[in-house]
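Chain by chain, the residues run as shown.
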Amino acid sequence: MLTKLVSMDRRIVFILVALAVIIPMLVNVNLPVSTSAPTQKLYDFVEALPKGSTIMLAFDYGPSSFPELSPMAKALLKQCFDKDIGVVALTLVDDGTTLASTLIEEVAAEKNAENGEDFVFLGFRPGITQVILGMGTEIKSVFDTDYYGKKLDEIPMMENITNYDQIDLLVDLASSNTTEAWIIYANVQYNLKIAAGVTGVMVSQMFPYLQTGQLNGLMSGILGAAEYENLVEVQDKGMQYINVNSFVHILIVLLVIIGNIAYFTQRKREE
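Residues numbered from 1 in each chain as written. Predicted model: local features only at pLDDT ≥ 70, side-chain atom pairs only at ≥ 80, totals over all residues. Heavy atoms only, no water.

Chemist: Quick one: what's the story with the pattern of salt bridges, residue by residue and with numbers?
Modeler: Note on pairing: side chains with opposite charge can pair once their charged atoms come close. Within the structure shown, the criterion is met by six salt bridges. Lys111 is paired through a salt bridge with Asp82; the nearest N and O atoms lie 3.2 Å apart. Of this pair, Lys111 sits in helix H5 (residues 97–111) while Asp82 sits in helix H4 (residues 66–82), and the two are 29 residues apart along the sequence. Lys140 serves as the salt-bridge partner of Asp153, at 2.8 Å between the closest nitrogen and oxygen. Here the residue Asp153 occupies a position in the loop between helix H6 (128–137) and strand S4 (169–174), and Lys140 occupies one in the loop between H6 and S4, the gap between them amounting to 13 residues. (Salt bridge = Lys/Arg side-chain N within 4 Å of Asp/Glu carboxyl O. Helix = DSSP H or I, 4+ residues; strand = E, 2+ residues; numbered from the N terminus.)

Chemist: Quick one: what's the story with the packing of aromatic side chains, residue by residue and with numbers?
Modeler: By the definition in use, this model includes six aromatic pairs. Consider the rings of Tyr147 and Tyr148, whose centres lie 5.2 Å apart with planes at 80 degrees: the pair is edge-to-face. For Tyr148, a relative accessible area of 38% puts it in the partly exposed group. (Phe/Tyr/Trp six-rings, centres within 6.5 Å; stacked < 30°, edge-to-face > 60°. Buried < 20%, exposed > 50% of the residue type's maximum accessible area, 1.4 Å probe, protein only.)

Chemist: Please give an account of H5 that cites residues and values.
Modeler: Between the first and last C-alpha of H5 there are 21 Å, a value that for 15 residues agrees with the 21 Å anticipated at 1.5 Å per step. Here H5 has its buried residues at Thr97, Leu99, Ala100, Ser101, Leu103, Ile104, Val107 and Ala108. Contacts from the buried residues of H5 go to strand S1 (54–60), H4, strand S2 (86–91) and strand S3 (119–124). Just downstream of H5 lies Asn112, where phi reads positive at about 55 degrees. (Expected span 1.5 Å × (residues − 1). Contact = heavy atoms within 4.5 Å.)

So, in structure tokens, the structure goes:
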């Protein structure tokens, strides 16, 4: 038995990993998730905003980061629509427009949110620095129309929104260095409050901004998405993905433990 464990065919390991991925996707198993302080801080900030407030949501990611960041966007949009907080959305990434518009429309349909009344999607304009600085003076100087071609002057929600002075918080969902750009040009120049949701590999470079208070909250990778879904009481892809990750990691740890026990036991017997 021990010999078989030590010399286990790698294909068996692959099959076990596949089962650890498939089973949590098919069976509704939700492992407990504890909320980190940065995620809780963002949730509490949005939750404390009064009805009629406005947040700006930047979809600064492309298809490769969609699985990590889209669950964050969904959970945040649902929280905003439930609290009657207006959302002005945009993207600084050219391939983020379709992803953002599709996701916003999906959540809006679920929550009966009206385009132009509860949310506006501005779309994409090239030039990260110019876009951020330009909106600090006047949003219409950068986005004269929304993503669908409607003039901002004709959109009811934008009647009283001129620049960052009317935005209570910007949340940047990022897979690159756009969060730093928002901090440098929007927070430092215009004192715009900023929070972020970033991919797992970017988390460490965001913590200094939390320390300085330039970030009012942070969602970290798929774990951050699961934490936020848990806070807004939504069971979606974030929780599903983190369950898969947990099951696979548990399996790997068990295989390592069993393999080491079998190896050292066999070695002891041979000696």
